[in-house]
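Residue strings, one per chain:
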Amino acid sequence: MTKKHFIFSLLFMAVRLSSFAQQTIEIATKNNVLILETDKDNTLLSTYIGKKLENTAEYPGIQALDKYKPGSDDLLNKREAYIASGSLNLMEPALTVSHADGNKSTVLTFSEVKTEQLDQNRKLTSIVLKDQKYKFQVTLKYLAYFNENVIEQWAEIEHHEKGNVVLYKYASANLTLSGRKFFLKNQYSGATREMRSEEQQLLHGIKTIDSKLGTRTNLLHSSSFMVSIDQPATEDMGEVIAGSLAWTGNFKLDFETFDEYYLRITAGINNFSSDYTLKAGENFITPRFVYTYSSEGKGLASRNLQNWARNYQLLNGKGERSTILNNWETTYFDFNDEKLNELTKDTKKLGVDVFLLDDGWFGNKYPRNGSTSGLVDWQYNRQKLKNGISTLGKEATANGVKFGIWIEPEMVNPKSELYENHPDWIIRQLERKEYYMRNQLVLDLTNPKVQDFIYKTVDDIFKEVPELAFIKWDCNSLIYNANSPTLKNQDHFYIEYIRGLNSVLERIRKKYPKTPMMLCAGGGSRVDYAALKYFTEFWPSDNTNPYDRIFIQWEYSYYFPSVAVDNHITDMGKQPIKFKTDVAMMGKLGYDVRVNELSKNDLLFSQNAVKTYNSFKDIVWHGQQYRLQDPYENKIASIAYINDAKDQAIVFNYHVATLFTNGVILPIKLKGLDPAKKYKIEEINLYPGTKSPIDSAKVYSGDFLMKVGFNPEVNAYRTSVVLKVQALN
Ligand code: DGJ
């Protein structure tokens, strides 16, 4: 044996030994840890998720204390890290497989673990689990973001069997929590009724939150959630797991409580109508399940996710955004060159950055003069726009603003040239009645020709309008009659649609990496972290009534940073423009108003408001958010944003009582300030001619403001108040 061979066999033995010794694997972030351990059968268990222990040598002691000790009549149910079905574990599985020989049992045991420190903040742990009988393996991936306290988890499934394997269920992750009780907070939605909150105790059995809608997948439910352990967590107290599936298609979140102390969360692509045939050697990569643990309530869990999203997921999350004037709610489909030229001038007059031309600018044989025709014939309408969109772009530049445009590239009206010319590009069941949502059908993005068409649509617009500075990407229909005219295996339809969509977005981003894009789906029916990799922001709802918006924006903030949330001031709602503006400022400010019809004072106020917003927007976009007082239980809702240096904060306060009230009786306690710093508080964004009762000369310590609080003097006559909190040098 040569020296080289000897060293190699020693190494090989060492690897084998390490593979079979009992393993404790720590997936650690700054404050928290997920502990995975093998048991005597070499099964990988997840034994702990929570705050880190001081002494890491104590982690192996956790397994022995596991409360669940099945007796002879009890179900043998381990805390497996990834549950495969067909043998031991009879609870809701993460994985159900039919092997090449038709056998439906899979038993996964630990094979090896690898770790890679990707950079100072990110560590990737890959754990290979293998079936002893079949050449079938699952690699569990855990990407830990140290500073953000966030973990991304997913699974990669591969086999080398003699023939195809069918995956019936292929979740991204299982998480087993222990506690006395569990409470699920999730948001249900509808068009204009996005993000209504529900919180419920998870009683025994399975609670499933899912979507089978194909596109617009968040129309009914959000794919993000929070689970509190033992009791419903408050903003600052209690243990919480906040999670979200980063997938733009059908999703499934199962919450299964069992025995007396356990909750198992299973998150992944919805396997509804999606049995996936996996060829030998093919690697099936599930989407990422993103989660964070907080021992200090929901507020911290949200900040963890917001920070992670800004730092790693949301396109240009740490960068700048443009303010917008959009024409949708003022013109709808009724406009022409002259009107639009006036609107670009109004954009300048208002002081915002971009004029965004919405729906209705295209279609000639079937002009897009309403929602029933023209969709997807992307040639500019020659009657409305005699000079074309390229001239609009130039005019905007000449008027000193930027130009943006609306598209809805995945959809088609039956009254369109594309419908006539490419019937095989449309999702439908030819022998069945066509059903429409908003008079449209969905294009078949599983088809590479359709993907090319969509890419070309966007590319052509950029060629026509080289100065294009913004895109609003809409998606107004879900998928009825799911069927691709060209896809060989219809069971792959839902997955291939999203892969097709992602591939188009990937190509667009390769060529146009920076242009801001707004994700919209008839309001906020498509908001997930996977899509936000390609989009700089999203449209939360077509409901722009500022009163409703306080609640909608409040709920989105559980998972998404304000820099991603587009809030427009519109004619909806009877509240004064000051109230509307204050609400819209709590995110990315925009307008959908007839500037030329604003009263002198409303215009002056708005022009000043844009300037004021520009002076503090960085704090709202990139600072830490604290939900101080919720709009459900209180007469005043209050939200603060604080910069990282803790020397500046913006606090938004809104009167949300429907009954006449004398306003805040108790002061509102601020959070996140530096107790040792001294601060002054000034009311900003005042309406012309009004005076603030707040004494901006007074000095308070951070300690005082956080322990005693401050009264923003909100009442039925001062319905919204924006405060600037500034540390003294
Ligand atoms: C739905 C969007 O939510 C609206 O903002 C607007 O863009 C319309 N579609 C246009 O059809």
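The rules behind each value
Every chain is numbered on its own, with residues counted from 1 as its sequence reads. Per-residue local features are limited, in this predicted model, to residues with pLDDT of at least 70; the limit for side-chain atom pairs, both in listing and counting, is 80 or more; totals at the level of whole chains, interfaces and linings are taken over all residues. Here the side-chain values reflect all heavy atoms present in the structure, with hydrogen atoms and water set aside. Comment: elements are numbered from the N terminus, with helices defined as DSSP H or I runs of at least four residues and strands as E runs of at least two. To get the radius of gyration, use the C-alpha atoms; to get the globule rule, take the number of residues to the power 0.38 and multiply by 2.2 Å. Classification of residues uses two cut-offs on accessible area relative to the type maximum, computed with a 1.4 Å probe and protein chains only: under 20% is buried, over 50% is exposed, and between them is partly exposed. Should any heavy atoms of two residues lie within 4.5 Å, those residues are counted as being in contact. To measure how exposed things are, a 1.4 Å probe is used in the Shrake-Rupley method; for residues, cover is taken only from the protein chains shown. Just so you know, the count uses Lys and Arg for positive and Asp and Glu for negative, and it drops His and the chain ends. The location of each charge is read from NZ of Lys, CZ of Arg, CG of Asp or CD of Glu. Here pLDDT means the predictor's own confidence in every residue, given as a number from 0 to 100. Should DSSP find at least two bridges between two strands, the strands are taken to pair. Angular values range over 0 to 180 degrees, each being the angle between N-to-C directions of two axes fitted as lines to C-alpha atoms, with helices fitted over their stretch in contact. In what follows, salt bridge is the name for a side-chain nitrogen of Lys or Arg lying within 4 Å of a carboxyl oxygen of Asp or Glu. Only Phe, Tyr and Trp rings take part, Trp by its six-membered ring, and two of them pair if their centres are within 6.5 Å. Stacked means planes under 30 degrees apart, edge-to-face means over 60, and tilted covers everything else. Only when the NZ of Lys or the CZ of Arg is both within 6 Å of the ring centre and within 35 degrees of the ring normal is a charge said to sit over the ring.

## A short note on the overall build of the chain
A count of helical and extended segments in the chain gives 13 helices and 36 strands. Here the chain has a C-alpha radius of gyration of 27 Å; the compact-globule value for 729 residues is 27 Å, and the two agree. Expressed along its principal axes, the backbone C-alpha trace of the chain runs to roughly 85 × 70 × 55 Å. The burial tally for the chain puts 61% of its 729 residues in the buried class. Long-range pairs, those at least 24 residues apart, make up 68% of the contacts in the chain with a sequence separation of at least 6. Just so you have it, the chain exposes about 29400 Å², and 51% of that area is on carbon and sulfur atoms. Computed over 89 positive and 87 negative side-chain charges, the inter-centroid distance for the chain is 3 Å.

## Remarks on the confidence of the model for the chain
Confidence in the prediction for the chain averages 95 pLDDT; 96% of positions are at 70 or higher. Counted against residues more than four places away or in other chains, residues 8–20, with its pLDDT under 50, gives six contacts.

## Quick word on the sheet that holds strand E16 (residues 251–258)
Reading across from one edge, E10-E17-E16-E13 is the order of the four strands in this open sheet, with antiparallel pairing throughout. With one partner strand each, in any of the chains shown, strand E10 (173–178) and strand E13 (205–210) form the two edges of the open sheet. Averaged over all pairs of adjacent strands, the angle between their axes in this sheet comes to 15 degrees, without regard to strand direction. Sheet analysis places E10 next to strand E17 (residues 262–269), joined by six bridges and oriented antiparallel. What sits directly across from Leu 177, in E17, is Leu 263.

## Details of the pattern of salt bridges
Here the structure, examined in full by the defined rule, presents 32 salt bridges. The salt bridge involving Glu 92 is made with Lys 169; its shortest N-O contact spans 2.7 Å. In this pair, Glu 92 sits in the loop between helix H2 (61–64) and strand E4 (95–98) while Lys 169 sits in strand E9 (residues 165–170), placing the two residues 77 residues apart along the sequence. The closest approach of N and O atoms between Asp 254 and Lys 169, which form a salt bridge, is 3.1 Å. Here Asp 254 is found in strand E16, whereas its partner Lys 169 is found in strand E9, with 85 residues between them in sequence. Grouping residues by exposure puts Asp 254 and Lys 169 together as buried. The structure contains a network of salt bridges with shared partners spanning Glu 92, Lys 169, Lys 252 and Asp 254.

## Focus: the packing of aromatic side chains
Tallied over the full model, the rule gives 40 aromatic pairs. Consider the rings of Tyr 613 and Phe 616, whose centres lie 5.8 Å apart with planes at 80 degrees: the pair is edge-to-face. Of the two residues, Tyr 613 and Phe 616 both sit in helix H12 (residues 600–622), three residues apart, roughly one turn of that helix. Tyr 613 gets classed as buried once you look at its relative accessible area, which sits at 0%. The class for Phe 616 is buried, based on a relative accessible area of 3%. On the numbers, 6.1 Å between centres and 70 degrees between planes, the contact of Tyr 613 with Trp 621 is edge-to-face. Neither Tyr 613 nor Trp 621 differs from the other in exposure class; each is buried. Cation over ring: Lys 212 sits above Phe 272, and NZ or CZ is 5.8 Å from the ring centre. The ring of Trp 539 carries the charged tip of Arg 549 above its face, separated from the ring centre by 5.2 Å.

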